[in-house]
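Report on the structure
The primary structure of each chain is shown beneath.
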Amino acid sequence: QLARIQTDSVVTILRELYPDLHFEIVAMSTTGDKILDTALSKIGEKSLFTKELENALEKNEVDLVVHSLKDLPTSLPPGFTIGAVCKRENPLDAVVFHPKNCGKTLSLLPEKSVIGTSSLRRAAQLKKKFPQLQFRDIRGNLNTRLKKLDEKEDFSAIILAAAGLKRMGWEHRIGQLLGPEDCLYAVGQGALAVEVRAKDQEILNMVSALHDTDTVLCCIAERAFMKRLEGGCSVPVAVSTLLKDGQLYLTGAVYSLDGSDSLKETMQTSVNYPHQNEDGPNDDVQHVGITAKSVPNQAQEAAENLGVELANLLLSKGAKHILSVARQLND
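Residues numbered from 1 in each chain as written. Predicted model: local features only at pLDDT ≥ 70, side-chain atom pairs only at ≥ 80, totals over all residues. Heavy atoms only, no water.

With 45 residues, the main nonpolar core has Leu69, Ile82, Phe225, Leu229, Val237 and Val254 as its most contacted residues. Considering each element in turn, this core owes the most residues, 10 residues, to helix α9 (residues 213–229). Apart from residues no more than four positions distant in its own chain, Ile82 is found in contact with Leu69, Leu72, Leu76, Ala193, Val194, Glu195, Arg223, Gly289, Ile290 and Thr291. Val10, Val11, Leu192 and Val196 belong to the second largest nonpolar core, which has 15 residues in total. (Core = buried A, V, L, I, M, F, W, Y, C linked by side-chain atoms within 4.5 Å. Buried < 20%, exposed > 50% of the residue type's maximum accessible area, 1.4 Å probe, protein only. Helix = DSSP H or I, 4+ residues; strand = E, 2+ residues; numbered from the N terminus. Contact = heavy atoms within 4.5 Å.)

The subject of this paragraph is the sheet that holds strand β4 (residues 114–116). If you trace the five strands from one edge of the open sheet to the other, you get β5-β4-β6-β3-β7, paired in mixed fashion. Sheet topology places β5 (134–136) and β7 (174–178) at the edges, where each strand pairs with a single neighbour. Going across the sheet, the axis of each strand differs from the next one's by a mean of 30 degrees, ignoring polarity. Pairing of strand β3 (residues 93–97) with β7, which is carried by four bridges, proceeds in the antiparallel orientation. Directly across from Val95, in β7, lies its bridge partner Gln176. Here helix α5 (residues 120–129) sits on the sheet and contacts β3, β5, β6 (157–161) and β7; the angle it forms with β6, its principal contact strand, is near 130 degrees. Against the sheet, helix α6 (residues 142–151) engages β3 and β6, with an angle of about 165 degrees to β6. (Pairing = 2+ DSSP bridges. Axes fitted to C-alpha atoms, helices over the stretch in contact; angles between N-to-C directions.)

Here strand β1 (residues 65–68) shows no split at all, with Val65 and His67 on one side and Val66 and Ser68 on the other all buried. Bridging between β1 and strand β8 (residues 192–197) involves four bridges; their strand directions are antiparallel. Considered in β8, the bridge of Val65 is made with Glu195.

One can find Arg223 in helix α9. No salt bridge is formed by the buried Arg223, whose closest oppositely charged neighbour, Glu195, lies at an N-O distance of 8.4 Å. At a separation of 3.0 Å, a polar atom in the side chain of Arg223 contacts the main-chain carbonyl oxygen of Val288. Ignoring sequence-local partners within four residues, the contact set of Arg223 consists of Leu69, Leu72, Pro73, Thr74, Ile82, Val187, Val288 and Ile290. (Lys, Arg positive; Asp, Glu negative; His and termini not counted. Salt bridge = Lys/Arg side-chain N within 4 Å of Asp/Glu carboxyl O. Polar contact = N/O pair within 3.5 Å; in protein donor to acceptor, adjacent residues only side chain to side chain.)

On to the packing of α9 against helix α10 (residues 297–316). The angle between the axes and the distance between the axes are what describe a pair of packed helices. The geometry of α9 relative to α10 is characterised by a closest axis approach of 7 Å and an angle of 35 degrees between their N-to-C directions. Handedness of the α9/α10 crossing: right-handed. Along its contact with α9, which presents Leu217, Ile220, Ala221, Ala224, Phe225, Arg228 and Leu229, the element α10 presents Ala299, Gln300, Ala303, Glu304, Leu306, Gly307, Val308, Leu310, Ala311, Asn312, Leu314 and Leu315. The class makeup of the residues in the contact of α9 with α10 is 14 nonpolar, three polar and two charged. (Left-handed = near helix turned anticlockwise from the far one by under 90°. Nonpolar A, V, L, I, M, F, W, Y, C, P; charged D, E, K, R; others polar.)

A rise of 1.5 Å per residue sets the reference length of helix α11 (residues 319–330), with its 12 residues, at 16 Å; its end C-alpha atoms lie 16 Å apart and thus fit the reference within 8%. For α11, the complete set of buried residues consists of Ala319, Ile322, Leu323, Ala326 and Asn330. Buried residues of α11, viewed axially, fall in a sector of 90 degrees; they line one side. Counted as exposed and oriented over 90 degrees from the buried face of α11: Lys320, His321 and Gln328. (Expected span 1.5 Å × (residues − 1). Arc of directions from axis to C-beta.)

In this section: the domain arrangement of the chain. Domain annotation for the chain reports domain 1 (1–90 + 187–330) and domain 2 (93–178). Spacing between the C-alpha centres of domain 1 and domain 2 amounts to 25 Å. Of the residues lining the interface, 34 residues belong to domain 1; the matching set on domain 2 comes to 22 residues. When the two sides are added together, the surface that domain 1 and domain 2 hide from each other amounts to roughly 2100 Å², 56% of it contributed by carbon and sulfur. Among the residues of domain 1 in contact with domain 2, Leu2, Glu89 and Gln189 are the three that bury the most area, contributing 23% of the side total. Seen at the junction of domain 1 and domain 2, the total is one salt bridge. Residues Glu89 and Lys166 are paired through a salt bridge, measuring 3.2 Å at the closest nitrogen-oxygen approach. Seen at the junction of domain 1 and domain 2, the total is seven residue pairs in polar contact (both at pLDDT 80 or more). Among the secondary structure elements, those contributing two or more residues to the side of domain 1 that touches domain 2 are α1 (2–17), α3 (40–43) and β9 (237–244). Here the side of domain 1 that touches domain 2 is composed, by residue class, of 17 nonpolar, 14 polar and three charged. (Domains from an automatic or database assignment. Buried area = accessible area lost by both parts, 1.4 Å probe.)

Structure (structure tokens):
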């Protein structure tokens with residue numbers, strides 16, 4: 001249902017921009033939708049929520065695919081690109097409480113209360129902050145997870161992305177928003193990405209109108225940070241970005257599975273570059289899988305370099321060890 005709402009929101013904008021074009025929505029399910037009895041981090045499939053959709057794109061059965069950007073790997077298969085990154089919804093994580101805990105916050109829950117999350121990143125950060133709580137896997141789409149929370153007594157609360165709840169019209173269920181001081185968010189969280197065939201200029205030009213410059217720059221920095229660290233679903237990597245007065249601030253962190261070991265740093269760079277009409281082959285430059293012709297290329301390069309430099313700083317302080325131990329323990 002959430003995937004459908006997200007796709008509809010993108011198509012609505014495209015229909016307004018291109019009233020003469022006909023858009024048909026094709027619904028599909030993916031491996032990630034079907035394997036619901038295993039933790040995401042243990043399935044080990046890089047393109048869990050994307051492979052089937054990319055196959056359809058490759059065969060020209062569809063022309064564009066709408067994803068949650070956080071589901072897309074930092075390296076896309078050859079022949080594909082992210083042709084648009086839409087304006088980001090609130091990227092923070094949210095706590096949804098069991099009806100009996102309405103009005104509480106995580107710190108007010110009784111000791112040994114069980115919190116549901118399928119994210120190693122959320123669990124690692126919250127275990128450290130709330131050692132009195134227990135964290136257990138919960139899988140399924142948003143509807144399924146809320147049902148498991150409400151109808152059983154297994155969980156005192158679950159952690160979900162605020163963006164998904166908002167898009168579903170369930171904002172009223174958010175009992176607590178977790179700011180970056182509580183829980184840094186996932187790379188790309190809250191942003192929608194439109195994946196297209198990299199060589200399809202017509203479609204690329206069409207969807208590029210959906211780009212939101214600030215979101216593009218923040219997400220390029222985040223994805224470059226993740227890519228340099230070789231992070232993914234199976235290790236706890238987290239970020240927070242802020243773009244203000246032409247300065248891009250990136251906070252990035254890595255955690256051990258139990259949160260006891262962590263590294264966190266912040267860096268900034270200027271992304272205040274004018275847009276130049278860059279004719280010729282430069283048009284199709286990708287930055288961590290994103291093609292954004294409408295965003296100054298120098299600004300994109302600065303954002304990408306920021307992500308790489310921040311990752312290098314953490315690596316110089318021992319991030320590789322933390323992540324490889326996390327990966328081994330998870331495997």
